[in-house]
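# Examination of the molecular architecture
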Amino acid sequence: MSKLMITAALVGAEVTRDDTPYLPITPEEIGQAALEAREAGAAIAHIHVRDENGAPSQSKELYRRAIEEIEKRTDIIIQVSTGGAVGMTAEERMQPLTLRPEMATLTTGTVNFGQDVFMNTPEQLLAFAEEFERYGVRAEFEIFDVGMIANAMHLVNKGFFTGHLHFDFVMGVPGAIPATAENLLHLVHQMPEGATWTVAGIGRHQLPMATLGIVLGGHVRVGLEDNIYYKKGELATNAQLVKRVARIAKELGREIASPDEARQILHLTKSKFY
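My aim in this report is to walk through the structure given alongside it, one point at a time. (Residues numbered from 1 in each chain as written. Predicted model: local features only at pLDDT ≥ 70, side-chain atom pairs only at ≥ 80, totals over all residues. Heavy atoms only, no water.)

## Notes on the environment of Pro 27
Looking at the secondary structure, you find Pro 27 in helix H1 (residues 27-40). Each C-alpha atom, one on Pro 27 and one on Phe 113, is 27 Å from the other, the two residues being 86 residues apart in sequence. The residues touching Pro 27, leaving out its near neighbours within four places in the chain, are Leu 62, Arg 65, Ala 66 and Glu 69. (Helix = DSSP H or I, 4+ residues; strand = E, 2+ residues; numbered from the N terminus. Contact = heavy atoms within 4.5 Å.)

## Describing the pairing of strand E5 (residues 77-80)
Residues Ile 77 and Gln 79 line one face of E5 and the alternating positions Ile 78 and Val 80 line the opposite face, and both faces are buried. Two elements, strand E2 (residues 44-47) and E5, share four bridges in a ladder whose sense is parallel. Looking across to E5, one finds that His 46 is bridged to Gln 79. Bridge count between E5 and strand E6 (residues 103-107): two bridges; the pairing is parallel. The residue of E6 that forms the bridge with Gln 79 is Met 103. (Buried < 20%, exposed > 50% of the residue type's maximum accessible area, 1.4 Å probe, protein only. Pairing = 2+ DSSP bridges.)

## Observations regarding the nonpolar core
Of all hydrophobic cores here, the largest spans 84 residues; its most connected members are Leu 10, Ile 47, Phe 141, Phe 161, Phe 167 and Phe 169. When residues in this core are grouped by element, the largest group, seven residues, is from helix H8 (residues 238-251). In contact with Phe 161, not counting residues within four places along its chain, are Leu 106, Ala 129, Phe 132, Ala 139, Phe 141, Leu 155 and Val 156. In terms of nonpolar packing, the next biggest core, distinct from the first, is built from ten residues, Met 103, Ala 257, Leu 266 and Leu 268 among them. (Core = buried A, V, L, I, M, F, W, Y, C linked by side-chain atoms within 4.5 Å.)

## Some remarks on H1
For H1, which comprises 14 residues, the first-to-last C-alpha distance of 20 Å matches the rise-based estimate of 20 Å (1.5 Å per residue) to within 8%. Among the residues making up H1, those that are buried are Pro 27, Ile 30, Gly 31, Ala 33, Ala 34, Leu 35, Ala 37 and Ala 40. Packing partners of the buried residues in H1 comprise strand E1 (6-9), E2, strand E3 (49-50), helix H2 (60-71) and H8. One or two steps after H1, the chain reaches Gly 41, where phi turns positive at roughly 130°. (Expected span 1.5 Å × (residues − 1).)

Shown next, in the form of C-alpha cells:
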C-alpha cells in the first residue's frame, strides 16, 4: 500500500462555536489549526471560511487570508471547498478557485442533506469544470452517493479534469449513502483505474470508516467539519482526531504520508497561490 494521506477537514459550514469551542473561525485560527493538524500527521487541510459573525462564507478575500495564514506556518496541501454551504449560488461557491489553490473539492451531484437539498445540476457541474480548468486546480470529487462517480466520469470523458483523479467518499450524511463496510466496498469497486480515494465518515461513523480506509488501501479524512467528538460526550480538537488516525495506521503497519509525499501520490506540483 502507498503511504496514508490524512486530510484534516478543519472548519466546515455547519458546526458552530456553540457546538464546540475548538472550532477555528478566523483566518489566524484556521492557520494555527492547519499547523497543529500537520504536526499530528495530516498532509491535506480541507478548509471552509467564516465571516466575522462565524457564518459560512465563500469570500475570495477570506480564503486568501486563510491561505496566507496556513502558508506562513506549514507546508500542508491546501484544499478549498467549492461546496460552501447549502443555499449558496454556484457563482458564490466558485470564488476561491480564482486563488489557484493546489486542490479544491467538487460535489458531482445533487443530494438530500439532512433537512436540506445540496443542489449541483448538470449545468452547474459543467460551469464548475470550466472554472477548475481555467485556474488549473486539481479536483477532489466529493461523492455523497454512488451515482456521483458516474457524473464525475462524465465530465472526465468530456475532456475535463485530465491527469490524476482523486475521490472522497463522504458517508453517513442523513439522506446520502449510509456509512457501512458494504457500501464503501461498492464505492471502491466503481473507481477508474489509477484513481485514489479517501473516505470521510460523518459523526460516530468517522472512526470505523477511517479504520476501513486504512486497511483497504485508501486514504482518510477526519476533522471537526465531520465530527466534533473524540468519544461519546468528549469534544475533540482537529489535531486529536488526526493523531488518532495516525496512531491506528502505524499500529496496522501503514506509514503516514508527508505533504510532499502526498503531492507525489496525487501528482501535484506545489506552487504558491496568486
